[in-house]
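Below are the chains, spelled out letter by letter.
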Amino acid sequence: MKEKRSIYKIISIYALVFLFAFPILLLFIWAFSGRWSWPNLLPQTLSLSGWRYFFNPANGALESLATSVIIGIAVTFITLLISIPAGKAMGLYEFPGKEIIKILILAPIIIPPLAVTMGIHINFMRLGLADKFIGVILVHLIPTLPYSIRIMTHTFEGISGKFEDQARVLGAGPMQRFWHITLPLISPGLFSAGILVFIISFSQYLLTFLIGGGRIITFTMVLFPLVNSGDRMLSSVYSLVFIAAALIFTLLMERVLVNTEQRKDHFYI
Amino acid sequence: MSRIEIKNLTKKFDSKNILKDLNLNIEQGEMVALLGPSGCGKTTTLKIISGLLDADQGDIKFDGKSVIDLPTEKRGAVLVFQEYLLFPHLNAAENIAFGLKMQGVDKSIRKNRVEELLELVNLPGYQSRYPYELSGGQQQRIALARALAVHPKVLLLDEPISNLDANLREEMRDLIRKIHEEKQMTTIFVTHDREEALLVADKIAVMKDGNLEQVGIPEELYRNPVNRYVADFFGQANYIKISQINKDVFPADKMREYKHKKNKILMLRPEFIHLSKEKLEYNKNILVLKGEIEKRSYAGERIYYQVKVNAVNSSLRVIDFKLSSYDQGSTVYLELPLNKAAYLEN
Ligand SMILES: Nc1ncnc2c1ncn2[C@@H]1O[C@H](COP(=O)(O)OP(=O)(O)OP(=O)(O)O)[C@@H](O)[C@H]1O
Ligand SMILES: [Mg+2]
């Protein structure tokens, strides 16, 4: 019985690894392939031309990557800044209409973004935010805030207000409580939310396209046409860079936010 | 350390009265146990004293000065919660030093204080342990040390022992008492365990439904309870309605005194009643009643009797340590020492 279960376990682990690893392996092969015609199983020649193209400043790939990263970081920062007090209010306090607000917060991810983007675009133009960096950053908050507030709400529900109360009776003022108690305790939640938010912002296409008006060129806006055009080598190069950027950001966030002692703790998600 | 006065404290939750006009005075350096059943408002009282909850009415004074408008962090009433609540991201030393660090106390002073407090709670050398590396009892002791570190004006302990298992409980109880004797900290100690209150506290405040029934030293509560609730809480009791006692059984000059107590109930603990075969000659301090043994239960060093007494229309309990043997159905005289009786409101 026990052996049977462990066999299933091993099979499912291999299946999962295969599901994740195989596509990435394929990307690697594609990214370095030169000539690769049917019916060969592997490319006939290897080449770095895709990477050369990518790193050539004239093609704007690096610039768009930088744009995406800057927007992503700004969006992550603003989203988390809003989500901390919002999550605290939703997670710790009781107030009339709380359930309705909970649903309203989720509305942006339930309603298709295209349905509202047009209206937002018109308003952004009126406010002079369209075609601008800041406009793109603001519009990215629409799909990121619901997830982030949700995660922070659960985080605050998990830690409850008791540790803050305890710090308070020991003489800690509001700012001290936030820095020394609340922030370290919610950092695992901030970490999860931060990664999610960054990746959502990083993968935005439609919203960036509409609000940026083609003037703000992010990485996805360069990547999508490549994928569409069927240039597999180049799209593989861009995709790998895309994955690497998200991964590096995750590792950096972990460094900044997650206390080594907390990794052993039950709070760590 | 301060003298604490709590005046007319009132608190409602959703229009339900949780605290009703609560009054309590605690002398400097005194340890008072707040004793009452679950849900009677003990934690609520502590939270109001510490400032975590606002009172609807009433006042709290530390050394004669009202603190009701001071925010929690400036009050200096340190509450140790029932769940310990050690900060999970800080080690034992950082937990203990937390309050001092917030006050901006020097690092070297903090270090010495931590060492001294760990010594006090019998956990020397535990500085770098994290909460998840500590047992429940150890966490509780660190929590206590953390509260003591800031030299609180009053220490508020919310059921500090009830989460521990039996032998640890005794150890912790003794430790709390030892620390109290050493530090003479003004302390309010919440518990629903009578024995714990009797063993640890200088004074006990008996609480029921948001009210204090009686405040006193343990002996006073046992011997002179003000009502049946307190009397029952601290042990078995016999109740005799004074209006029901026949005139002929009463000492004549006592009767005159009892005129004013017509509506009261006489309470006497079972172990104070003495049984005898012969009727005692007249003594104005002893009420002698004739009774018939209804039940006899042998319990080793003592015997429990239930004696039917026609003169007062009820059965009285007697605990006899002399191992006398009166058989069921036999007639006995009960001697009730009136100087050991309490007179309760009906
Ligand atoms: N925030 C709150 N909102 C509504 N009712 C509350 C709140 N806090 C406490 N109560 C109610 O107040 C009453 C007293 O609660 P409290 O926690 O003070 O009891 P307690 O004496 O400490 O009990 P226990 O021994 O079980 O800890 C309870 O009936 C409880 O349900
Ligand atoms: Mg309680």
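How each quantity is defined
Residues numbered from 1 in each chain as written. Chains lettered and ligands numbered in written order. Predicted model: local features only at pLDDT ≥ 70, side-chain atom pairs only at ≥ 80, totals over all residues. Heavy atoms only, no water. Helix = DSSP H or I, 4+ residues; strand = E, 2+ residues; numbered from the N terminus. Contact = heavy atoms within 4.5 Å. Areas by Shrake-Rupley, 256 points an atom, 1.4 Å probe, with all protein chains shown as cover. Pairing = 2+ DSSP bridges. Phe/Tyr/Trp six-rings, centres within 6.5 Å; stacked < 30°, edge-to-face > 60°. Lys NZ or Arg CZ within 6 Å of the ring centre and 35° of its normal. Salt bridge = Lys/Arg side-chain N within 4 Å of Asp/Glu carboxyl O. Buried < 20%, exposed > 50% of the residue type's maximum accessible area, 1.4 Å probe, protein only. Axes fitted to C-alpha atoms, helices over the stretch in contact; angles between N-to-C directions. Parallel < 35°, antiparallel > 145°, perpendicular 65-115°, else oblique. Left-handed = near helix turned anticlockwise from the far one by under 90°. Nonpolar A, V, L, I, M, F, W, Y, C, P; charged D, E, K, R; others polar. Near = heavy atom within 4 Å. Polar contact = N/O pair within 3.5 Å; in protein donor to acceptor, adjacent residues only side chain to side chain. Expected span 1.5 Å × (residues − 1). Buried area = accessible area lost by both parts, 1.4 Å probe. Domains from an automatic or database assignment.

Caption draft 1: Structural detail: the overall build of chain B. Counting secondary structure elements, chain B contains 10 helices and 18 strands. Projected onto its principal axes, the C-alpha positions of chain B cover 80 × 45 × 35 Å. Nonlocal contacts in chain B, meaning residues at least 24 apart in sequence, comprise 69% of its contacts between residues at least 6 apart. Carbon and sulfur atoms form 43% of the exposed surface of chain B, whose accessible area is close to 16300 Å².

Caption draft 2: Molecular detail of the sheet that holds strand β4 (residues 57-62) of chain B. Residue and element names in this part refer to chain B. Sheet architecture is open: four strands sit in the order β2-β1-β4-β5, paired in antiparallel fashion. Since the sheet does not close on itself, it has two edges, and those belong to β2 (16-26) and β5 (65-66), each with one partner. Bridge analysis of strand β1 (residues 4-13) against β4 gives five bridges, and the strand direction is antiparallel. Across the sheet, residue Lys7 finds its bridge partner in β4, namely Asp59.

Caption draft 3: The arrangement of the packing of aromatic side chains in detail. Summed over all chains, the structure comprises 21 aromatic pairs over all chains. Chaining the aromatic ring pairs together yields one cluster made of Phe54, Phe55, Phe198, Phe202, Phe219, Tyr238, Phe242 and Phe249 of chain A. Above the face of the Phe87 of chain B ring, Arg146 of chain B is positioned so that its terminal group lies 4.7 Å from the ring centre. Against the face of Tyr239 of chain B rests Arg228 of chain B, its NZ or CZ located 3.9 Å from the ring centre.

Caption draft 4: Examining the pattern of salt bridges more closely. Taken as a whole and assessed by the stated rule, the structure comprises 16 salt bridges over all chains. For the salt bridge of Glu73 of chain B with Arg168 of chain A, the shortest nitrogen-to-oxygen distance reads 2.8 Å. With Glu73 of chain B in helix α2 (residues 72-75) and Arg168 of chain A in helix α7 (residues 162-169), this pair bridges two chains. In this structure Glu73 of chain B comes out as buried when scored by relative accessible area, which is 18%. Overall, the relative accessible area of 21% leaves Arg168 of chain A in the partly exposed class. For Arg177 of chain B, the salt bridge is made with Glu181 of chain B, and the minimal N-O distance between the two is 2.8 Å. Taken together, the positions of Arg177 of chain B and Glu181 of chain B, both in helix α6 (residues 166-183) and four residues apart, correspond to about one turn of that helix. The exposure class of Glu181 of chain B is partly exposed, given its relative accessible area of 48%. Where salt bridges share partners, they join Lys88, Glu164, Arg168 and Arg177 of chain A together with Glu73 of chain B into one cluster.

Caption draft 5: Focus on the packing of α7 of chain A against helix α8 (residues 174-203) of chain A. Residues and elements named next belong to chain A. The contact between α7 and α8 brings their axes to 10 Å, and the two run at 160°. As far as their axial angle goes, α8 and α7 are roughly antiparallel. Note on packing geometry: the crossing formed by α7 with α8 is right-handed. Together, Phe163, Glu164, Ala167 and Arg168 of α7 and Arg177, Ile181, Thr182 and Leu185 of α8 make up the contact between the two elements. Its residues assigned to classes, the contact of α7 with α8 shows four nonpolar, one polar and three charged.

Caption draft 6: Focus on the pairing of β2 of chain B. Pairing analysis gives seven bridges linking β1 of chain B to β2 of chain B, with the strands arranged antiparallel. Counted as the bridge partner of Phe13 of chain B is Lys16 of chain B from β2 of chain B.

Caption draft 7: The arrangement of the site of ligand 1 in detail. All names here are of chain B. Ligand 1 sits among Phe13, Asp14, Lys16, Ile18, Ser38, Gly39, Cys40, Gly41, Lys42, Thr43, Thr44 and Glu159. Cys40 is positioned with one of its backbone polar atoms (N or O) 3.3 Å from an oxygen atom of ligand 1. Between an oxygen atom of ligand 1 and a side-chain N or O atom of Lys42, the distance comes to 2.8 Å. About the coverage of ligand 1: the protein hides 61% of its 630 Å² of free accessible area. Taken together, the elements giving at least two residues each to the shell around ligand 1 come down to β2 and α1 (42-50). The element that contributes the greatest number of residues to the shell around ligand 1 is α1, accounting for three residues. Its residues assigned to classes, the shell around ligand 1 comprises three nonpolar, five polar and four charged.

Caption draft 8: Structural context of α6 of chain B. Residue and element names in this part refer to chain B. Taking 1.5 Å per residue, 18 residues should reach 26 Å; α6 reaches 26 Å between its end C-alpha atoms and fits that length. Listing the buried residues of α6 in full gives Met172, Arg173, Leu175, Ile176, Arg177, Ile179 and His180. For α6, the elements touching its buried residues are β3 (31-35), α4 (107-120), α5 (136-149), β7 (154-158), β8 (187-191) and α7 (194-200).

Caption draft 9: Structural view of the interface of chain A and chain B. Taken together, the 24 residues of chain A in the interface contact 25 residues of chain B. The junction of chain A with chain B conceals about 2300 Å² of combined surface from both sides, 66% of it contributed by carbon and sulfur atoms. At the junction of chain A with chain B, the criterion picks out three salt bridges. Two residues, Lys162 of chain A and Glu83 of chain B, come together in a salt bridge whose shortest N-O distance is 2.3 Å. Summed over the shared surface of chain A and chain B, the result is six residue pairs in polar contact (both at pLDDT 80 or more). Those elements that provide at least two residues to the side of chain A that touches chain B are α7 and α8 of chain A. Looking at the side of chain A that touches chain B residue by residue, the class counts come to 10 nonpolar, seven polar and seven charged.

Caption draft 10: Quick peek at the pairing of strand β16 (residues 314-320) of chain B. Residue and element names in this part refer to chain B. Across seven bridges, the pairing between strand β15 (residues 302-309) and β16 is antiparallel. If you follow Tyr304 over to β16, its bridge partner there is Ile319. In textbook terms, the turn of a hairpin is the stretch between consecutive antiparallel strands, and for β15 and β16 this stretch comprises four residues, one of which, Asn313, has a positive phi near 65°.

Caption draft 11: Structural view of the packing of helix α3 (residues 61-92) of chain A against helix α11 (residues 232-257) of chain A. Residue and element names in this part refer to chain A. Between α3 and α11, whose axes approach to 12 Å, the crossing angle comes to 30°. With respect to the hand of their crossing, α3 and α11 are arranged in right-handed fashion. From α3, Ala61, Leu65, Ile73 and Thr76 reach across to α11, where they touch Tyr238, Val241, Ala245 and Phe249.

Caption draft 12: Region of the structure containing the domain arrangement of chain B. Residues and elements named next belong to chain B. You can read the domains of chain B as domain 1 (4-233) and domain 2 (238-345). Taken together, the 10 residues of domain 1 in the interface contact 11 residues of domain 2. When the two sides are added together, the surface that domain 1 and domain 2 hide from each other amounts to roughly 910 Å², 49% of it contributed by carbon and sulfur. Area buried by domain 1 at its contact with domain 2 is led by Tyr222, Arg223 and Arg228, which between them contribute 59% of it. Our enumeration of links across domain 1 and domain 2 arrives at zero salt bridges.

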